[in-house]
Amino acid sequence: WFEGNTILAIGCGISAILVPLTTVYQNIIFFLFGQKRFKTVTIFQGFDTLISTIILIGTLLITKNILILLFVYLLLQFLGNFIAHVLYRPRDPKPIGDEVTKKYYTYAWHTTLRNILFNIAFRIDTVIVFTHLGAIDLAVYSIANLIPEQIKGSFKNLSSLLLLRYAKHDDLQTVRQSIVTRSIQLLLVL
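No experiment lies behind these values; they were computed from the predicted model shown.

(A) A look at a nonpolar patch on the surface. Side chains of Leu-113, Ile-116, Ile-120, Ile-124, Val-127 and Ile-128 sit close together on the surface and give an oily, nonpolar patch of about 530 Å² of accessible area. With respect to the helices and strands, Ile-120 occurs in helix H5 (residues 98-133).

Written out as structure tokens, the structure is:
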């Protein structure tokens, strides 16, 4: 806004409001993974993607305004997560002890810090390209990164599925040995 780019400033404002709301409700998918309800997740995400795509294409046919398109896209992301949360959240949560709660909080803080560092590292290149080269070169750079990002997206659910398999094991030594073997196999595949 300071540089006079009103569209970018309003877009950032829309994102600042809707992205945190979306993030709050996205954990229900991980809850369903934890319950091994893979079919439910697949059906819901497929239906959500289909509806979102239809609405986005319809919006694109009606308007070419980038702010409206951004708003509709982010609103659909929020609504998908919110609807999944309402439909699939636990109805009668069982109370858990203080010791377990403390372990969850510790894990949550570590995961949050790791995700913050990951997101900064993941996006710092786009900030550098934009500030040094401009918006057009950033668009070219982003298009060049589409194929590697799509390949990486193919493996996005892999961590959730692996976490479930490792959570079943009581023997930590077996898990450690398995991680090394599976990491080498994944490296060879990639």
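(B) Just the packing of helix H2 (residues 27-34) against helix H3 (residues 38-62), in detail. Interhelical geometry of H2 versus H3 gives an angle of 145° and a closest axis separation of 8 Å. Of H3, the residues touching H2 (which contributes Ile-29, Leu-32 and Phe-33) are Phe-38, Thr-40, Val-41 and Gln-45. Residue composition of the contact of H2 with H3, by class: five nonpolar, two polar and no charged.

(C) Molecular detail of unusual backbone geometry. Residue Lys-36 is not a glycine yet carries a positive backbone phi of 60°. Position of Lys-36 relative to the elements: it lies in the loop between H2 and H3.

(D) Main features of the packing of aromatic side chains. What the rule picks out here adds up to four aromatic pairs. Judged by centre distance (5.0 Å) and plane angle (85°), the ring pair of Tyr-25 and Phe-82 falls under edge-to-face. One end of the pair, Tyr-25, is in helix H1 (residues 6-25); the other, Phe-82, is in helix H4 (residues 66-88), with 57 residues separating them in the sequence. Residue classification places Tyr-25 among the partly exposed residues on the basis of a relative accessible area of 22%. Each residue in the set Tyr-25, Phe-78 and Phe-82 is aromatic and connected to the rest through ring pairs, giving one cluster.

(E) Examining the nonpolar core more closely. With eight residues, the main nonpolar core is built from Ile-28, Ile-29, Leu-32, Phe-33, Val-41, Phe-44, Ala-84 and Tyr-88. Within the residue set of this core, elements represented by two or more residues are H2, H3 and H4. Looking at this core element by element, the count peaks at four residues for H2. Filtering out sequence-adjacent residues up to four positions away, Ile-28 remains in contact with Asn-81, Ala-84, His-85, Tyr-88 and Arg-89.

(F) The arrangement of the packing of H5 against helix H6 (residues 135-144) in detail. Relative orientation of the contacting elements H5 and H6 amounts to 145°, with a least axis distance of 7 Å. Judged by the sense of rotation from one axis to the other, the crossing of H5 with H6 is right-handed. Contact residues: Asp-125, Thr-126, Val-129, Phe-130 and Leu-133 in H5; Ala-135, Asp-137, Leu-138 and Tyr-141 in H6. Residues of the contact of H5 with H6, tallied by class, amount to six nonpolar, one polar and two charged.

Scoring rules and cut-offs
- Residues numbered from 1 in each chain as written.
- Predicted model: local features only at pLDDT ≥ 70, side-chain atom pairs only at ≥ 80, totals over all residues.
- Heavy atoms only, no water.
- Patch = residues over 30% accessible without salt bridge, like charges linked within 9 Å, V, L, I, M, F, W, Y side chains within 5 Å.
- Areas by Shrake-Rupley, 256 points an atom, 1.4 Å probe, with all protein chains shown as cover.
- Salt bridge = Lys/Arg side-chain N within 4 Å of Asp/Glu carboxyl O.
- Helix = DSSP H or I, 4+ residues; strand = E, 2+ residues; numbered from the N terminus.
- Axes fitted to C-alpha atoms, helices over the stretch in contact; angles between N-to-C directions.
- Contact = heavy atoms within 4.5 Å.
- Nonpolar A, V, L, I, M, F, W, Y, C, P; charged D, E, K, R; others polar.
- Phe/Tyr/Trp six-rings, centres within 6.5 Å; stacked < 30°, edge-to-face > 60°.
- Buried < 20%, exposed > 50% of the residue type's maximum accessible area, 1.4 Å probe, protein only.
- Core = buried A, V, L, I, M, F, W, Y, C linked by side-chain atoms within 4.5 Å.
- Left-handed = near helix turned anticlockwise from the far one by under 90°.

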